[in-house]
Amino acid sequence: MKVLRPAAFAAMALVAALTLSACFGGKEEKMDSASEQMAAGTIVDVASGAGNFATLVAAVTAADLVETLSGEGPFTVFAPTDEAFAALPAGVLDALLLPENKATLAKILTYHVVSGKVMAADVTDGDVATVEGSTIKLSTASGVTVNGATVVSADVAASNGVIHAIDAVILPPGVDVAKLLKK
């Protein structure tokens, strides 16, 4: 007789429980946090399916960051909404998406990412290092803000972290998007 290790037994129990609940239907119960994250997919998957991050997903793709943001993480992404990207000066987004500006785009996007999983309730006032290498200023004075951009939707779970939607694109020190338009 083969002895099952605890991990294998737990996996089998989970499959059995899910199968039984699917067969018998009944009332839907709230999934626990770990199950929601497993079902949610990676940050890129969640952003792709959310409906308000199409521009962000296009930018992440153009900057070759899909694999990175689909990696193990965990990451906290302060994700500009489509409206935030639309508020950039005319022509800036188009310029950023050009192959010759890939490094600048990657710098801007990684400035929106913090290592680790930080839920909105855990945010404290102060500077936090980004994946890009600079710091962002977090504030809780009037809701959560990031360099003055307001978090408009918090704690969007992903298997490899969390997304907080923000209402503006924030720029790292030294990046002047107006220069992109003069090329």
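Quick note: structure is the one above.
The structure reproduced in this document is the subject of the present report. These figures come from a predicted structure and were not determined experimentally.

With that out of the way, let us pick up the overall build of the protein. Secondary structure summary: the protein contains 9 helices and 7 strands in total. Intrachain contacts of the protein at a sequence separation of at least 6 include 65% that bridge at least 24 residues. Accessible surface, the protein: about 10500 Å² in total, of which carbon and sulfur atoms supply 60%.

The next point concerns the pairing of strand 6 (residues 149-158). With 2 bridges connecting them, strand 5 (residues 145-146) and strand 6 associate as antiparallel partners. Each bridged residue has a counterpart across the sheet, and for T145 the counterpart in strand 6 is T150. Bridging between strand 6 and strand 7 (residues 161-166) involves 5 bridges; their strand directions are antiparallel. Counted as the bridge partner of V156 is I163 from strand 7. In this structure, the hairpin formed by strand 6 and strand 7 is closed by a connection of 2 residues.

Turning next to helix 3 (residues 43-50). When helix 3 is considered as a whole, its buried residues turn out to be I43, V44, V46 and A47. All buried residues of helix 3 project into a common sector of 165° when viewed along the axis, lining one side. Looking one or two places after helix 3, you find G51, whose phi comes out positive at around 95°.

Turning our attention to the pairing of strand 4 (residues 135-139). Going residue by residue along strand 4, you find I136 and L138 tucked away on one face and T135, K137 and S139 left uncovered on the opposite face. One ladder, built from 4 bridges, connects strand 3 (residues 126-129) with strand 4; its direction is antiparallel. The residue bridging D127 from the neighbouring strand is K137, located in strand 4. Connecting strand 3 to the antiparallel partner strand 4 that follows it, the hairpin turn spans 5 residues, and G133 within it adopts a positive phi of roughly 120°. In terms of strand pairing, strand 4 meets strand 5 through 2 bridges, oriented antiparallel. Paired with L138 across the bridge in strand 5 is V146. Turn length for the strand 4-strand 5 hairpin, with the two strands adjacent in sequence and antiparallel, is 5 residues, and the turn residue G143 shows positive phi of about 80°.

Once that is clear, we can look at the environment of E132. As for its placement among the helices and strands, E132 is situated in the loop between strand 3 and strand 4. Spatially, the C-alpha atom of E132 lies 4.8 Å from that of T110, the residues being 22 residues apart in sequence. Other than its neighbours up to four places away in sequence, E132 contacts K107, T110, Y111 and P172.

All right, on to the pattern of salt bridges then. Counting across every chain of the model gives 3 salt bridges. When the shortest N-O distance is used, the salt bridge between D64 and K102 registers 2.2 Å. In this pair, D64 is assigned in the loop between helix 4 (54-62) and helix 5 (66-69) and K102 in helix 8 (residues 102-110), connecting sequence segments 38 residues apart. As a salt-bridge pair, K107 and E132 come within 2.8 Å of each other at their nearest N and O atoms. Residue K107 is located in helix 8, and its partner E132 is located in the loop between strand 3 and strand 4; the two are separated by 25 residues in the primary sequence. The exposure class of E132 is buried, given its relative accessible area of 17%.

So, how was this worked out
Residues numbered from 1 in each chain as written. Predicted model: local features only at pLDDT ≥ 70, side-chain atom pairs only at ≥ 80, totals over all residues. Heavy atoms only, no water. Helix = DSSP H or I, 4+ residues; strand = E, 2+ residues; numbered from the N terminus. Contact = heavy atoms within 4.5 Å. Areas by Shrake-Rupley, 256 points an atom, 1.4 Å probe, with all protein chains shown as cover. Pairing = 2+ DSSP bridges. Buried < 20%, exposed > 50% of the residue type's maximum accessible area, 1.4 Å probe, protein only. Arc of directions from axis to C-beta. Salt bridge = Lys/Arg side-chain N within 4 Å of Asp/Glu carboxyl O.

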